[in-house]
Amino acid sequence: MMCGITGTPGTGKSMIADELARRGHTVVHITETVGPYVTGEDEKRDVQIIDVDRWVAEFKPVDGFVEGHFAHLLPCDRVVVLRCRPDELAARLEQRKYREAKIRENTEAEALDSCLIETIEEHDPSHIFELDTTGRDAAYCADRIEAFVRGEIPADFGHIDWSSYLEAHL
Ligand SMILES: Nc1ncnc2c1ncn2[C@@H]1O[C@H](COP(=O)(O)OP(=O)(O)OP(=O)(O)O)[C@@H](O)[C@H]1O
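Everything numeric in this text was worked out from a predicted model, so none of it was measured.

A.B. asks: Just checking my understanding: could you explain the sheet that holds strand 6 (residues 78–83) for this structure?
C.D. replies: The strands making up a sheet associate through backbone hydrogen bonding, with each pair oriented either parallel or antiparallel. Judged by pairing direction, the sheet is parallel, and its 5 strands sit side by side in the order 2-5-1-6-7 without closing on themselves. Because the sheet does not close on itself, it has two edges, and the strands there are strand 2 (27–29) and strand 7 (128–132). Here the average twist between neighbouring strands, direction ignored, is 20°. As judged from the 3 bridges shared by strand 2 and strand 5 (residues 64–67), these two strands associate in the parallel manner. Paired with His29 across the bridge in strand 5 is Glu67.

Structure, rendered in structure tokens:
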């Protein structure tokens, strides 16, 4: 079973994936697989341009977790979409010394449910689990993800609403 862990930067994908790896799961970090697919740099947005279609086509499925902010583009058996309340997300990204424009871009994407919407477009609803990491630690999140993958808790998404953040800040 291949489970993708996706979400806006700062929602905790790496931290939770590291916890799952500590528990013995196979974990692939997408950042470690995209090297051959980088076609350039978007200097304005400070991001690499990646040939995502070719990356998806050539990705070798794993029995475990694939972590990264386009994991949901892979043919995963399950997808976990990590979420974080935009004000806490901004604080996490500030701590990582992100530039103001990048913090804004990411908090807006989170408030607009961008990763969730893309995931719903690609996957069966019974395979999607949305997990709010706000105020939660990695152990709690890993417990929930393991329970979902084992089929002990059902698919669940669509209950998170950060629209008040948009109204307050845009
Ligand atoms: N649940 C959490 N509670 C508090 N802080 C967190 C939590 N999850 C992540 N963080 C902090 O937020 C920052 C980003 O975490 P992490 O690198 O795991 O996010 P990410 O989603 O993998 O980001 P990226 O897509 O940029 O790799 C780190 O400084 C981490 O310590």
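A.B. asks: Hey, could you run me through the UniProt feature "binding site: ATP" (unreviewed entry) in the chain in this one?
C.D. replies: Under the feature "binding site: ATP" (unreviewed entry), the UniProt entry names Gly10, Gly12, Lys13, Ser14 and Arg96. A compact arrangement is adopted by the annotated residues: their sequence extent is 87 residues, whereas the largest C-alpha distance between any two is 14.5 Å. In this structure, Lys13 sits in helix 1 (residues 13–22). Once residues within four sequence positions are removed from consideration, Lys13 is found in contact with Ile5, Gly7, Glu67, Gly68 and Leu82. Structurally, Arg96 is set in the loop between helix 3 (86–95) and helix 4 (100–111). Taking the number of C-beta atoms within 10 Å as the measure of exposure, Arg96 has 10 and is therefore exposed.

A.B. asks: Looking at this structure, how should I read the site of the ligand?
C.D. replies: In the neighbourhood of the ligand, 15 residues make up the surrounding shell, with Pro9, Gly12, Lys13, Ser14 and Met15 lying closest. When contributions to the shell around the ligand are tallied by element, the ones reaching two or more residues are helix 1 and helix 3. Among the elements that take part in the shell around the ligand, helix 1 stands out by supplying 3 residues, more than any other. Grouping the amino acids of the shell around the ligand by side-chain chemistry returns 2 nonpolar, 8 polar and 5 charged.

Cut-offs and rules
- Residues numbered from 1 in each chain as written.
- Predicted model: local features only at pLDDT ≥ 70, side-chain atom pairs only at ≥ 80, totals over all residues.
- Pairing = 2+ DSSP bridges.
- Helix = DSSP H or I, 4+ residues; strand = E, 2+ residues; numbered from the N terminus.
- Axes fitted to C-alpha atoms, helices over the stretch in contact; angles between N-to-C directions.
- UniProt positions renumbered as here; feature names shortened; annotations may be inferred.
- Contact = placed C-beta atoms within 7 Å.
- Buried ≥ 20, exposed ≤ 12 C-beta atoms within 10 Å, placed from the backbone.
- Near = placed C-beta within 6 Å.
- Nonpolar A, V, L, I, M, F, W, Y, C, P; charged D, E, K, R; others polar.

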